[in-house]
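Residue-level listing of the chains:
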Amino acid sequence: MATSTSNRPRRRSEATNGRTRTVSIAADKQVAYSEYGDPDGRPVVFLHGTPGSRLLGRLFDADAQEHGVRLLAPDRPGYGRSTPWPDQSITDAETYVSAILDDADAGSASIVAFSGGSPYALATAAARPDRVSRVDLVAGATPPHLSETVPLTQRLLGGLASTTPTLLGVLFRGHAWLAHRRDPAFVVDQYTAGEATGSIPQEVATVVQADFLEAFAHSRCGAVTDFQNVSTEWEIRFEDIDVPVHLWHGDRDTNVPITDARRLETTLSTAHIHVLEGKDHLGTLLRAVPEALAAHRSET
C-alpha cells in the first residue's frame, strides 16, 4: 500500500495551489504530485506529455477552480521529483495512479492525459475500471500498429530509446541546457505548427518552458523510458476499457496526426473523437483541457 512521506495529518487545503506531495510506492519508488483547482472538487488525474512534469497543471488551475475540479497532476516516474523506474512498463501506470488516489483520499477519478501520457491513462482504465470513471486523451499518442504517419522526429527518438538509450539521455540533457538559456519560444516551437508560436501568450509559454525544464531537472530516465514504451506495442487490453473515452485532437497537429487518432477511435468501443479545427498540438491542449474539465463538472 502506498504511504505519504508526511507524518502529519493531512488537511485537504495543504496540497492545493500547486503544492507538491510525494507518495512512496516502495522503498526505492516515489511519485510526486501537485494539486490545482478546487480542493473540495471532483478528482481528476492529469497526466503530462513526453517530456513533461506536474508543472503543466499550472495552466489549468483557474479552469479547475471554476469547474469544481480537484486536479491531481503527478510527475510520472523519472520526471521532476519522481524517482526513475528504468524498467517501468505502460501497464505499471495503475500502480502509481492508485497510490495518488489513495493519498488524496479519492476512491475514483477521471483521467485527462496529454500527448505521451495517453497510453498510461488507457492502461489504468483497462486495469482499474473501479477507479477510473472517464478518460480524456488530449492530442494523445497512438499505438504503433495504428500509427501509419509517425513524424520523423518521433521515429528517431523512439529508435534511439530502443538502441542507444544512453545517447538519447545525453541528447535530452543538452536540449534541456539550451532550453534553460533560450527564450520560452524555443520549447513552444516543439508543440506548435510554425506560425502559431507567436500567438501563444507569454504566461503560457513560460509555464511550458518550466514544465520542460522540470522534466529533466533530476533525470532523463522518464523521457527515455517513455519513448521506449510508446514506440513498442503497448500490451493494453483495449477490450477491457468500458468507460467513456474522449479523444480531443486538432486537425493541424504535426506531432500526432489526426488520421492516427481516428484509427484509435475505431479500436475503442467507448471512444468518441472531438476534432478541433485549426489547432496544433499545443493549441489542442489549451483548448481541450478546459472543455474536458467543464464536462467533468457536468457529470457530477
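Residues numbered from 1 in each chain as written. Predicted model: local features only at pLDDT ≥ 70, side-chain atom pairs only at ≥ 80, totals over all residues. Heavy atoms only, no water.

Novice: Describe in detail the layout of surface pockets, supporting the description with residues and values.
Specialist: In this model, the largest pocket occupies a volume close to 790 Å³. The wall of the largest pocket is formed by 32 residues, among which Thr153, Gln154, Leu157, Phe227 and Asn255 lie closest to the centre. The set of elements that each furnish at least two residues to the lining of the largest pocket consists of α4 (152-163), α5 (165-181) and α8 (221-230). Per-element tally for the lining of the largest pocket: the top contributor is α4, with six residues. The residue makeup of the lining of the largest pocket, split by class, is 15 nonpolar, 14 polar and three charged. Estimates place the volume of the second largest pocket at around 160 Å³. As for the second largest pocket, its lining consists of 11 residues, and the residues nearest its centre are Ser199, Ile200, Lys279, Asp280 and Gly283. Classifying every residue of the lining of the second largest pocket by side-chain character gives three nonpolar, four polar and four charged. (1 Å grid on protein atoms, 1.4 Å probe; cavity = no way out; pocket = protein on both sides within 12 Å on 5 of 7 lines; lining within 4 Å. Points joined across faces, edges and corners; volume = space filled by probe spheres on them. Helix = DSSP H or I, 4+ residues; strand = E, 2+ residues; numbered from the N terminus. Nonpolar A, V, L, I, M, F, W, Y, C, P; charged D, E, K, R; others polar.)

Novice: Describe in detail the environment of Phe212, supporting the description with residues and values.
Specialist: Positionally, Phe212 belongs in helix α7 (residues 202-215). Sequence separation of Phe212 and His180 is 32 residues, and the distance between their C-alpha atoms is 9.3 Å. Residue contacts for Phe212: discarding those within four places in its chain leaves Pro51, His175, Ala176, Ala179, Val187, Gln190 and Tyr191. (Contact = heavy atoms within 4.5 Å.)

Novice: Kindly report on the environment of Val275, identifying the contributing residues and their values.
Specialist: In this structure, Val275 sits in strand β9 (residues 271-276). For the pair Val275 and Asp251, spaced 24 residues apart in sequence, the C-alpha separation works out to 6.6 Å. Apart from residues no more than four positions distant in its own chain, Val275 is found in contact with His249, Asp251, Ile258 and Arg262.

Novice: Run through the packing of aromatic side chains, naming residues and quoting values.
Specialist: Overall, the coordinates contain five aromatic pairs when judged by the stated rule. For the ring pair Phe46 and Phe60, a centre distance of 5.7 Å and an interplane angle of 70 degrees mean the geometry is edge-to-face. Of the two residues, Phe46 is situated in strand β4 (residues 42-47) and Phe60 in the loop between β4 and α1 (61-66); the sequence distance between them amounts to 14 residues. The interplanar angle of 80 degrees and the centroid separation of 5.9 Å between the aromatic rings of Trp85 and Tyr96 together place this pair among those described as edge-to-face. Within this pair, whereas Trp85 is found in the loop between β5 (69-74) and α2 (93-103), its partner Tyr96 is found in helix α2, the two being separated by 11 residues in sequence. What makes Trp85 buried here is its relative accessible area of 5%. A connected cluster of aromatic rings, assembled from ring pairs, spans Phe172, Phe212, Phe216 and Phe227. Positioned over the ring face of Trp85 is Lys29, at 5.6 Å from the centre of the ring. (Phe/Tyr/Trp six-rings, centres within 6.5 Å; stacked < 30°, edge-to-face > 60°. Buried < 20%, exposed > 50% of the residue type's maximum accessible area, 1.4 Å probe, protein only. Lys NZ or Arg CZ within 6 Å of the ring centre and 35° of its normal.)

Novice: Give a description of helix α3 (residues 118-127) that names residues and reports values.
Specialist: Burial within α3 is extensive, with nine of its 10 residues counted as buried. By the burial criterion, the buried members of α3 are Ser118, Pro119, Tyr120, Ala121, Leu122, Ala123, Thr124, Ala125 and Ala126. At its buried positions, α3 is contacted by β4, α2, β6 (109-114), β7 (132-138), α8 and β8 (245-250).

Novice: Explain the nonpolar core residue by residue, including any values.
Specialist: One finds Phe46, Leu71 and Leu285 to be the most contacted residues of the largest nonpolar core, which totals 45 residues. When sequence neighbours within four positions are dropped, the list of residues in contact with Phe46 reads Leu56, Gly57, Phe60, Leu71, Leu72, Ala73, Pro74, Val112, Leu285 and Val289. By size, the runner-up hydrophobic cluster in this structure holds 44 residues, among which are Val23, Val97, Ala106 and Val243. (Core = buried A, V, L, I, M, F, W, Y, C linked by side-chain atoms within 4.5 Å.)

Novice: Break down unusual backbone geometry for me, with residues and values.
Specialist: If a residue is not glycine, its phi is most likely negative; likewise, a peptide bond is most likely trans. Between Thr50 and Pro51 the backbone carries a cis peptide bond, its omega angle lying at -5 degrees. Here Pro51 lies in the loop between β4 and α1. Not every positive phi belongs to a glycine, and Ser115 is a case in point at roughly 55 degrees. Mapped onto the elements of the fold, Ser115 is located in the loop between β6 and α3. At Ala139, a position not held by glycine, the phi torsion is positive, near 50 degrees. On the secondary structure map, Ala139 appears in the loop between β7 and α4. You can call Ala139 buried: its relative accessible area is 0%.

Novice: Quick one: what's the story with the confidence of the model for the protein, residue by residue and with numbers?
Specialist: Per-chain confidence: the protein averages 89 in pLDDT, with 91% of residues scoring 70 or above. Contacts for the low-pLDDT stretch residues 1-16, under 50 throughout, to residues beyond four places or in other chains number 34 contacts. (pLDDT = per-residue confidence, 0-100.)

Novice: Any chance you could break down a nonpolar patch on the surface for me, citing the residues and the numbers?
Specialist: A surface patch of nonpolar side chains, about 270 Å² in accessible area, is lined by Leu167, Val170 and Leu171. Inspection of the secondary structure assignment puts Leu167 in helix α5. (Patch = residues over 30% accessible without salt bridge, like charges linked within 9 Å, V, L, I, M, F, W, Y side chains within 5 Å. Areas by Shrake-Rupley, 256 points an atom, 1.4 Å probe, with all protein chains shown as cover. Salt bridge = Lys/Arg side-chain N within 4 Å of Asp/Glu carboxyl O.)

Novice: Explain the packing of α4 against α5 to me, using residue names and the numbers behind them.
Specialist: Where α4 meets α5, the axes come as close as 5 Å, and the angle between the chain directions of the two elements is 130 degrees. Of the possible angle classes, the one that applies to α4 and α5 is oblique. Only Pro165, Leu167, Leu168, Leu171 and Phe172 of α5 make contact with α4, whose side of the interface consists of Leu157, Leu160, Ala161 and Thr163. For the contact of α4 with α5, the class distribution of residues is eight nonpolar, one polar and no charged. (Axes fitted to C-alpha atoms, helices over the stretch in contact; angles between N-to-C directions. Parallel < 35°, antiparallel > 145°, perpendicular 65-115°, else oblique.)

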